[in-house]
Number of protein chains: 2
Amino acid sequence: MPRFSKSVSSLRSSEIRDLMTLASRPDIISFAGGMPGNDLFPVREIEELFSQLSEKTKQSAFQYGPTPGLPTLLESLGDFLEKKGLPVKENRLLITTGSQQALNLLAKAFIDPGDPVLVENPCFIGALSAFRAHEAALKGLPVDREGISIAALQEEIAHSVKPKFLYITPYFHNPAGLLYTQDRKEALVAALQGEEIPLIEDDAYGDLYFFEEDRLRLQPMKSINPGGIDICYTGSFSKILGPGLRLGWMLAPEEIYNKCELIKQSADACSPSFTQVIADTFIRSGQIDSYIASVRQEYKRRAAAMVAALREHLPDYVEWNEPRGGFYIWLTLPEGCDASRILQIAIEGGAVFVIGRTFDPTPSVVRNNTLRLSYCNNTPDQIAEGIPIVARAIRQICG
Amino acid sequence: MPRFSKSVSSLRSSEIRDLMTLASRPDIISFAGGMPGNDLFPVREIEELFSQLSEKTKQSAFQYGPTPGLPTLLESLGDFLEKKGLPVKENRLLITTGSQQALNLLAKAFIDPGDPVLVENPCFIGALSAFRAHEAALKGLPVDREGISIAALQEEIAHSVKPKFLYITPYFHNPAGLLYTQDRKEALVAALQGEEIPLIEDDAYGDLYFFEEDRLRLQPMKSINPGGIDICYTGSFSKILGPGLRLGWMLAPEEIYNKCELIKQSADACSPSFTQVIADTFIRSGQIDSYIASVRQEYKRRAAAMVAALREHLPDYVEWNEPRGGFYIWLTLPEGCDASRILQIAIEGGAVFVIGRTFDPTPSVVRNNTLRLSYCNNTPDQIAEGIPIVARAIRQICG
């Protein structure tokens, strides 16, 4: 028996992996994954853009790059982010191997075993996994339809050991689907002011909004660049180009950036040059903007199909919200309903989703009455076929 | 001031980074890097292979893949490794984001702060960086021309706290350039038998041999699969396709594999599908074999050019060995010579290399009389021009 380190000896395989194996079966309609639809990737466009590159640029795609990222991508991505109002010049930009790596670097930069870390409840599973791998003491703060509970945050700040940071996904939250209101964002900034609690603002889905009127709500808190709060803004090419490129980024104050760059050096030396060249070309061609506009419409169509199916088939006692962007709809069942049993019946019927408890930073054995549905990787037809299976399973368990 | 974790608060930027910036200057001849020559990458071949793939396969290049790697690459790479005699079926294969990530995953799996870890002295800088990031207490064991000192290893085993593992690069060692003898490999296996010290066998350069007669010496210890020793065999596409793909692998016993896969999940979810599709296609086309055969000849030619230049220009008191493969030649100067001062003079003259102390697991302030020269990224002409600069700098300092 190898003598493993303390930090990993308790690591266990998550149930989500078995679920994903199931979700890839052709006879199952999957509302489980958070992956873009395969049919939506700009395959032809990228191939053509790549073929037009100079021999020298193509060669550089095969070569090591600097740890922070290829200079040309740092420049083009920097411009892309500045157009969103982000303070690129006052901070440092780091290209990461997916935004999952950004979370892992930040976890390693800040967390000693047992350190308290604040997250939303529910919370993105990849963040939970990165923070748990560094033995954080996770504390989940509840969210409502407008964002994280400010009262719960203030209570935490007033009465507990100072947390190492607060991690949130304010824009089309995964898994809860919610979009923070402008008021809630302002209240959050006010509550953190001068508290020396860095904020990790994860914005993987913000580009996928369905309504122009939400543009203000989508403005990153990082773009306000409020004095007195260290905000680390993370983003990803996964939803606006393709997760298979494994490219994300972090925009952070210099001191935090420096530590993360050093950690990245020992983690994987640099992110893939090959896909960095692709992403850079995609941005510089301007095609990224038209591509995002087109997938935005497609996800809106898929979301509308799911909303229509849920309206038609779900019993009235299920609470949920129409999505305003992103990939997810979050269902809350009456207390006492067991989402695990619903999942089991749905799988037998031919549909799969993720139970809400998976996203709970400190999973309760008592409450198991929420679930997440993804519409991102399904055609309207598949949605129309699959939602009745889920609805029937809910009725069978909850009455 | 952010409150960083204990494990990173002491991390400092390494001097090697500034050196690499210098090495990329067009007016400097660089013997510093360990990167393949840009002109050697199979750019046209890969572009053509990719264009012939099915639409479905191209789409999969944009999508998330399973954490352990794309099944098709696990299969083709598994066959590639089995042909080398590696026990693929009795172990588990994990695709990593460069072999640097494999070292990082193993470091996290095994090392608690302060745990002793055995390495060669000198040792690959990426390994040192991964182990230091996990706060290992590094112990360097000397190498001679045949491999690691077995006496020093036995002494360590007999009298010290049991180390978490032993890390070695037996095949065209970076930086020392040496190739373990068959006898030394056998003695090493015998010394580790039943000691419960896992062996990390890093084989990033083994394919780049110059002499057919060395095939037996190049046979991995992992291929003997000796009972009683957990061997984790790591490798990389960096030297046989391109480092910009960021793809490596680890072949490890199941228990160790399982931990590393869980850690990888939280580190970056999966390695880039895009470059995995490329690597898979390259292997399946059979072109990988002819490509390796061609770069092998090219590196042999470059090595010969450096050997000729060193023979002509180096003073007799410098000790060095003709390389039998890989990228590097290791120079040992008389004791008391200061390689840092030599480097400074060489830079002024227009050539750069890495001083040997950089690769010392516990750098001594007293001894600084070794240096590493790379010939991998230089034409014979550049070598003929650059080596006299280094030789002059040596004479200037050492007399």
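Conventions adopted
- Residues numbered from 1 in each chain as written.
- Chains lettered and ligands numbered in written order.
- Predicted model: local features only at pLDDT ≥ 70, side-chain atom pairs only at ≥ 80, totals over all residues.
- Heavy atoms only, no water.
- Helix = DSSP H or I, 4+ residues; strand = E, 2+ residues; numbered from the N terminus.
- Rg over C-alpha atoms; globule rule 2.2 N^0.38 Å.
- Buried < 20%, exposed > 50% of the residue type's maximum accessible area, 1.4 Å probe, protein only.
- Contact = heavy atoms within 4.5 Å.
- Areas by Shrake-Rupley, 256 points an atom, 1.4 Å probe, with all protein chains shown as cover.
- Lys, Arg positive; Asp, Glu negative; His and termini not counted.
- Charge placed at Lys NZ, Arg CZ, Asp CG, Glu CD.
- Least-squares fit on C-alpha atoms with pLDDT ≥ 70 in both.
- Pairing = 2+ DSSP bridges.
- Axes fitted to C-alpha atoms, helices over the stretch in contact; angles between N-to-C directions.
- Phe/Tyr/Trp six-rings, centres within 6.5 Å; stacked < 30°, edge-to-face > 60°.
- Lys NZ or Arg CZ within 6 Å of the ring centre and 35° of its normal.
- Domains from an automatic or database assignment.
- Buried area = accessible area lost by both parts, 1.4 Å probe.
- Salt bridge = Lys/Arg side-chain N within 4 Å of Asp/Glu carboxyl O.
- Parallel < 35°, antiparallel > 145°, perpendicular 65-115°, else oblique.
- Left-handed = near helix turned anticlockwise from the far one by under 90°.
- Nonpolar A, V, L, I, M, F, W, Y, C, P; charged D, E, K, R; others polar.
- Polar contact = N/O pair within 3.5 Å; in protein donor to acceptor, adjacent residues only side chain to side chain.

J.: In this structure, what is going on with the overall build of chain A? I would like to understand it.
T.: Assigned secondary structure in chain A consists of 15 helices and 13 strands. Against the 2.2 N^0.38 benchmark of 21 Å for 399 residues, chain A shows a C-alpha radius of gyration of 21 Å, consistent with a compact globule. Over its C-alpha atoms, taken along the principal directions, chain A stretches across nearly 60 × 55 × 55 Å. Out of the 399 residues belonging to chain A, those deemed buried represent 63%. Contacts in chain A between residues far apart in sequence, at least 24 positions, make up 76% of those at least 6 positions apart. Carbon together with sulfur atoms contributes 50% to the accessible area of chain A, which is approximately 14,700 Å² in total. Averaged over its 40 positive side-chain charges, chain A has a centre that lies 3 Å from the centre of its 49 negative ones.

J.: Could you clarify how one ought to interpret the relation of the copies chain A and chain B in this entry?
T.: Two chain copies, one operation linking them: a rotation about an axis together with a shift along it. Placing chain A over chain B gives an RMSD of 0.0 Å and needs a rotation angle of 180°, together with 0.0 Å of translation along the axis. The relationship between the two copies is best expressed as a two-fold rotation axis. A symmetric contact is evident, with 100% of the interface residues of chain A recurring at the interface of chain B.

J.: How should the sheet that holds strand β6 (residues 166–168) of chain B be read in this particular structure?
T.: Residues and elements named next belong to chain B. Here eight strands make up an open sheet; going across it, the order is β2-β9-β8-β7-β6-β3-β4-β5 and the pairing mixed. Each having just a single partner strand, β2 (92–96) and β5 (147–148) make up the two edges of the open sheet. Where strand β8 (residues 231–236) meets strand β9 (residues 248–252), four bridges bridge the pair, whose relative direction is antiparallel. Residue pairing for β9: S236 is matched across the bridge by G248. Running over the sheet, helix α5 (residues 71–82) touches β2, β8 and β9 and is turned about 115° from β2.

J.: Teacher, can you tell me more about the packing of aromatic side chains here?
T.: Geometry of an aromatic ring pair is reported as the spacing of the ring centres plus the angle between the planes. Using the criterion set out here, one finds 29 aromatic pairs over all chains in the structure. Each residue in the set F41, F50, F62 and F274 of chain A together with F41, F50, F62 and F274 of chain B is aromatic and connected to the rest through ring pairs, giving one cluster. Over the ring of F4 of chain B we find K259 of chain A, and its NZ or CZ is 5.7 Å from the ring centre.

J.: Honestly, the environment of V352 of chain A in this entry has me stumped. Any pointers?
T.: Residues and elements named next belong to chain A. When you line up the elements, V352 lands in strand β11 (residues 351–352). Look at V352 and you get buried, because its relative accessible area is 0%. Taking the C-alpha atoms as reference, V352 lies 5.9 Å from A32; in sequence the two are 320 residues apart.

J.: Even after reading the chapter, I still don't get the domain arrangement of chain A, so can you show me in this structure?
T.: For an interface, size is often stated in terms of accessible area lost upon the parts coming together. All names here are of chain A. When cut into domains, chain A gives domain 1 (6–42 + 289–398) and domain 2 (55–286). Taken together, the contacts link 33 residues of domain 1 with 37 residues of domain 2. Note on domain 1 versus domain 2: buried area summed over both sides is about 3,000 Å², and carbon and sulfur give 61% of it. It is R296, R324 and P361 that lose the most area in domain 1 upon contact with domain 2, and together they represent 25% of the buried surface on that side. For the pair domain 1 and domain 2, the number of links is two salt bridges.

J.: Can you help me understand the sheet that holds strand β4 (residues 137–144) of chain A in this one?
T.: Adjacent strands of a sheet pair through backbone hydrogen bonds, lying either parallel or antiparallel. Residues and elements named next belong to chain A. Strand order in this open sheet of eight strands is β2-β9-β8-β7-β6-β3-β4-β5, and the pairing throughout is mixed. Bordering the open sheet on either side are β2 (92–96) and β5 (147–148), each of which pairs with just one other strand. Here two bridges tie β4 to β5, and the two strands are oriented antiparallel to one another. Residue pairing for β5: D144 is matched across the bridge by G147.

J.: Looking at this structure, how should I read the pattern of salt bridges?
T.: In a structure, side chains of opposite charge can pair up when their charged atoms sit close to one another. As enumerated under the stated definition, the model contains 44 salt bridges over all chains in all. Among the salt bridges present, the one from K58 of chain B reaches E47 of chain A, with a minimum N-O distance of 3.1 Å. Taken as a pair, K58 of chain B in helix α4 (residues 55–62) and E47 of chain A in helix α3 (residues 43–51) lie in two separate chains rather than in one. On the basis of relative accessibility, which here comes to 8%, the residue K58 of chain B falls in the buried class. A residue is classified by how much of its surface remains accessible, and E47 of chain A, at 23% relative accessible area, is partly exposed. Between K164 of chain A and D115 of chain A there is a salt bridge whose closest N-O contact spans 2.9 Å. In this pair, K164 of chain A sits in the loop between α8 (150–159) and β6 (166–168) while D115 of chain A sits in the loop between α6 (98–110) and β3 (116–121), placing the two residues 49 residues apart along the sequence. In terms of burial, K164 of chain A and D115 of chain A fall into one category: buried.

J.: Explain the packing of helix α14 (residues 339–349) of chain B against helix α15 (residues 380–398) of chain B to me, please; I cannot follow it from the model alone.
T.: The description of two helices packed together rests on the angle between their axes and the distance between the axes. Residue and element names in this part refer to chain B. Running from amino to carboxyl end, α14 crosses α15 at an angle of 140°, the nearest separation of the two axes being 8 Å. One finds that α14 runs oblique with respect to α15. The hand of the α14/α15 crossing is right-handed. Residue-level inspection shows R341, I342, I345, A346 and G349 of α14 in contact with α15, the latter providing I389, A393, I394, Q396, I397 and C398. Counted by class, the contact of α14 with α15 contains eight nonpolar, two polar and one charged residues.

J.: So what exactly am I meant to see when it comes to unusual backbone geometry here?
T.: Residue and element names in this part refer to chain A. Here the amide bond leading from N121 into P122 is cis, since omega sits at 5°, within 30 degrees of zero. Checked against the element boundaries, P122 lands in the loop between β3 and α7 (125–133). Phi is positive for F172, which is not a glycine, with a value near 60°. Take F172: it is sitting in the loop between β6 and α9 (182–192). Using a relative accessible area of 1% as the deciding quantity, one classes F172 as buried.

J.: What is the right way to look at the environment of E261 of chain B in this model?
T.: Topologically, E261 of chain B is positioned in helix α11 (residues 254–268). Sequence separation between E261 of chain B and N91 of chain B is 170 residues; the distance between their C-alpha atoms is 13 Å.

J.: Just to check I follow, could you spell out the interface of chain A and chain B for this structure?
T.: Facing 78 residues of chain A, the contacting portion of chain B comprises 78 residues. In this assembly, chain A packs against chain B so that about 6,500 Å² is buried in total across both faces, 57% of it on carbon and sulfur atoms. The largest per-residue losses of area from chain A upon contact with chain B belong to R3, F62 and Y64 of chain A, which jointly make up 13% of the total buried on that side. Put simply, chain A and chain B have four salt bridges between them. Where chain A packs against chain B, one counts 42 residue pairs in polar contact (both at pLDDT 80 or more). Those elements that place two or more of their residues in the side of chain A that touches chain B are α1 (6–9), α3, α4 (55–62), α6, α7, α11 (254–268) and α12 (273–284) of chain A. Residue contributions to the side of chain A that touches chain B peak at ten residues, all from α11 of chain A. Taken together, the residues that form the side of chain A that touches chain B break down as 33 nonpolar, 25 polar and 20 charged.

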